[in-house]
Amino acid sequence: MAAVLEGGAHRAHKELVKTVQLEGQVLLKIIQHCSEALPQLVTGQLLGLDVGQQLEVTDCFAFPTAVADDDVEAESAGANYQLEMMRCLREVNVDNNTVGWYQSANMGTFQTVELIETFINYHENIKKCVCIIYDPQRSARGNLGLKAIRLKESFIELSKEQKLTLKGFQEVKLSWRDIFVELPIKVRNSNLVQALVADLMPAPSATLADVDRLNLSVAPFLERNIQSLVECVDDIVQEQQKVSVYHKSVARQQQLYAAWLQKRRQENTQRLQDNLEALPEEDPTLFKPIPEPSMLDNYLVTNQIATYCDQINIAASEAIQKLFLMEGIQKAGL
Amino acid sequence: MAATVLLPSGSNVSVKVHPVVLLSICDAYVRRKEHQDRVIGTLLGVVVDNVIEVKNCYVVPHNESSEQVMVDVIHHKTMFDLHQKVAPHESIVGWFATGSDLYNSDALIQDFYSKESTHPVHMVVDTTLKDNKFSVQAYTSRTLALGDKVLATEFVEIPCDTIFGDIERVGVDLMLTGLNDPSPESKKETANKSFSDEAETLAASMGRLADLVAKASEYVDSVVSGRVSGEPAIGRYLADTLALVPHLTRSDFERLFNESVQDAMMVTFLSDLLRAHVALAERLGTAALPIV
């Protein structure tokens, strides 16, 4: 995705963005686009301004889902769409500044390598960008599943240096928790819109959202979560195997190298006795250093596990609360 | 007026608007250029039977003076093409304008839009807040013709409503409850309304449900005591609703309750166990789970 340039202030190695502020219409547009496109996952662009440490998102538009067969064609079509849209929006005084993108996620999982790559792409041009993740399943249960995500600055530095190994992470004291940073979201509306909202919709009595929220059936949601969790555990066991294979092969290589070195030394003592030159004790071509596997996948899967666990905990505690409320009502003899 | 005159076709047409559209229009109005009094743009949506559902909109730059009006058609076409790529099922259903009244030039614009869609709807959003009310009105046009000669175009008002999809309701709910907090301390907090306050929103929902039940029981009381004459439809509806509450024997309910609570607790335990494992693996520095 080509990113449009607009100057951003250069800051030191600190968190550049602390909060994200959305306009009401952005919120509703994201909800409408993502929920209409189910079960397909969709993305869109966010436009706005960055004000100090707060990122204000004032408008957004959707990306067409790429259906072109040719990858090159799809990319240029996507870039064209973006440029055209930004040009048209500029004519009507919409903020012409890209501040990030939004995407819908299934069951709240967004920790993929593509996301990180997209972030790094954006980061090259815009230092202050944010990704908004919308979870349609969570919203169907009555709560709004919206999150604003950024990559941690130190993680971006690390990945630029290509040092995504265990040692690399430990050097900078990053753990798997530190890859993504979640930012608090505020909703803001202009005064006119507040008048509209207050006038068009009367003071809320119980709405459909309440009905969804008070729904007692939580088992299917927990089931799906646990299923995904099981898949994640499989993934992480695979990653673990990769790491142990690496350790074993390094150990084996060391052994071979030690044996070869001994042999070389013996040869050398022999040759010294014969008054010949000693052969070098190093041979780089014979023992290439094995590259350490990247820890990125490992950490991403761990992040996913953490997300699922959080979701399960929240859903389960909600369910217990509702059940106890039901018990109370039953006891009152209704 | 013209209550007895039949519209040539498409009578009983009504319009339903999504709140996204209204918010976009307000935003566009706030962003308009200095010399312009009002903003106009295109409405996109779907037509089902005689109901026109307006789902999306975009602003079209225009220039109007007392004699003529110019609309940027290229912009309109480009934006429509772009929107088609994202939502191919939406089509042009009309156009909107801010302001409180109809202008003379509206007829010309309506003419232009009737080339784009069969029965364009003209929506007027009153952003000047006349009468302290935010009104949204929809009109459809009729041409008054004498024989072959077209005399004038008449705008006839049609009913217009705001609808919410189920999911949008959550978003709008949040905006409402976040904005309607009357106490002064929470005025500072409304801007910081966090989305992830699960327990609080559950309590709020329960509170609202309790309010609703209280209102219903008040109504029933007043009907029983004769203060208010009861309507049989409401009475039947309430009876039906109450009949939906399942009557469980005590042992049945306890069994159900215990099972559900146990399920929820077991799942919580499993997820905490997994988290402990992951944390342990991290501490051991092997990045390997102690599960073999």
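Placed above this text is the structure.
So, a few notes on the structure that sits alongside this text.

Here is what the cut-offs are and how they apply
Residues numbered from 1 in each chain as written. Chains lettered and ligands numbered in written order. Predicted model: local features only at pLDDT ≥ 70, side-chain atom pairs only at ≥ 80, totals over all residues. Heavy atoms only, no water. Helix = DSSP H or I, 4+ residues; strand = E, 2+ residues; numbered from the N terminus. Buried < 20%, exposed > 50% of the residue type's maximum accessible area, 1.4 Å probe, protein only. Contact = heavy atoms within 4.5 Å. Areas by Shrake-Rupley, 256 points an atom, 1.4 Å probe, with all protein chains shown as cover. Salt bridge = Lys/Arg side-chain N within 4 Å of Asp/Glu carboxyl O. Pairing = 2+ DSSP bridges. Axes fitted to C-alpha atoms, helices over the stretch in contact; angles between N-to-C directions. Parallel < 35°, antiparallel > 145°, perpendicular 65-115°, else oblique. Nonpolar A, V, L, I, M, F, W, Y, C, P; charged D, E, K, R; others polar. Patch = residues over 30% accessible without salt bridge, like charges linked within 9 Å, V, L, I, M, F, W, Y side chains within 5 Å. Lys, Arg positive; Asp, Glu negative; His and termini not counted. Charge placed at Lys NZ, Arg CZ, Asp CG, Glu CD. Phe/Tyr/Trp six-rings, centres within 6.5 Å; stacked < 30°, edge-to-face > 60°. Expected span 1.5 Å × (residues − 1). Disulfide = S-S within 2.5 Å.

Right, let's get into the overall build of chain A. Scanning chain A from N- to C-terminus turns up 10 helices and 8 strands. Across the 334 residues that make up chain A, the buried fraction comes to 49%. Put simply, of all contacts in chain A between residues at least 6 apart along the chain, 77% involve residues at least 24 apart. About 16,700 Å² of surface is accessible on chain A, with carbon and sulfur atoms providing 53% of the total.

Attention now moves to the pattern of salt bridges. Evaluation of the coordinates by the stated rule reveals 8 salt bridges over all chains. Ionic pairing is found between D310(A) and R275(B), a salt bridge with its closest N-O pair at 2.8 Å. In this pair, D310(A) is assigned in helix 10 (residues 296-331) and R275(B) in helix 8 (residues 250-284), connecting two distinct chains. With relative accessibility at 31%, the residue R275(B) sits in the partly exposed group.

Looking now at the sheet that holds strand 8 (residues 185-188) of chain A. Residues and elements named next belong to chain A. The strand order across the open sheet formed by 8 strands is 7-6-5-4-2-3-1-8, and the pairing between neighbours is mixed. Two strands lie at the open edges of the sheet, namely strand 7 (180-183) and strand 8, each paired on one side alone. Within this sheet the neighbouring strands show an average axis-to-axis angle of 35 degrees, counted without direction. Across the face of the sheet, helix 1 (residues 24-36) comes into contact with strand 1 (19-23), strand 2 (43-51), strand 3 (54-62), strand 4 (98-104), strand 5 (130-134), strand 6 (146-151) and strand 8 while running at roughly 40 degrees to strand 3.

For any two helices packed against each other, one specifies the crossing angle of their axes together with the interaxial distance. All names here are of chain A. One way to put it is that helix 3 (residues 113-125) packs onto helix 5 (residues 153-160) with a least axis distance of 11 Å and a crossing angle of 95 degrees. The angle between the axes of helix 3 and helix 5 places the two elements in the roughly perpendicular class. The residues of helix 5 that touch helix 3, namely those facing I116, I120 and H123, are E153, F155, I156, S159 and K160. Its residues placed into classes, the contact of helix 3 with helix 5 shows 4 nonpolar, 2 polar and 2 charged.

Residues and elements named next belong to chain A. Taken together, E231, D234, D235 and D297 make up a surface patch of like negative charges. Tallying contributions element by element places helix 9 (residues 219-273) first for the negative patch, with 3 residues. Along the chain, E231 falls in helix 9.

On to the packing of aromatic side chains, then. Taken as a whole, this structure holds 8 aromatic pairs over all chains when the rule is applied. Ring centres of F324(A) and F257(B) lie 5.2 Å apart, and the angle between their planes is 90 degrees; on these two criteria the pair is classed as edge-to-face. Within this pair, whereas F324(A) is found in helix 10, its partner F257(B) is found in helix 8, the two belonging to separate chains.

Our next topic: the side chain of S222(B). Residues and elements named next belong to chain B. Along the chain, S222 turns up in helix 6 (residues 198-224). Relative accessible area serves as the criterion here: at 10%, S222 is assigned to the buried category. With residues near it in sequence (within four places) discarded, S222 still touches R227 and V228.

Further remarks concern helix 9 of chain A. Spanning 55 residues, helix 9 of chain A covers 81 Å between terminal C-alpha atoms, matching the ideal 81 Å at 1.5 Å per step. Backbone geometry just downstream of helix 9 of chain A places N275(A) in the positive-phi region, at approximately 60 degrees.

Okay, the state of the cysteines next. One covalent bond between the sulfur atoms of two cysteine residues makes up a disulfide. All names here are of chain A. Summed over the entire model, instances satisfying the criterion amount to 0 disulfides over all chains. Of all cysteine sulfurs, the one in C60 lies closest to C34, which takes part in no disulfide; the gap is 9.0 Å. Exposure remark for C34: the relative accessible area of 0% places this residue in the buried category. According to the relative accessible area criterion, C60 is buried, its value standing at 3%.

Just geometry here; none of it tells us what the structure is for.
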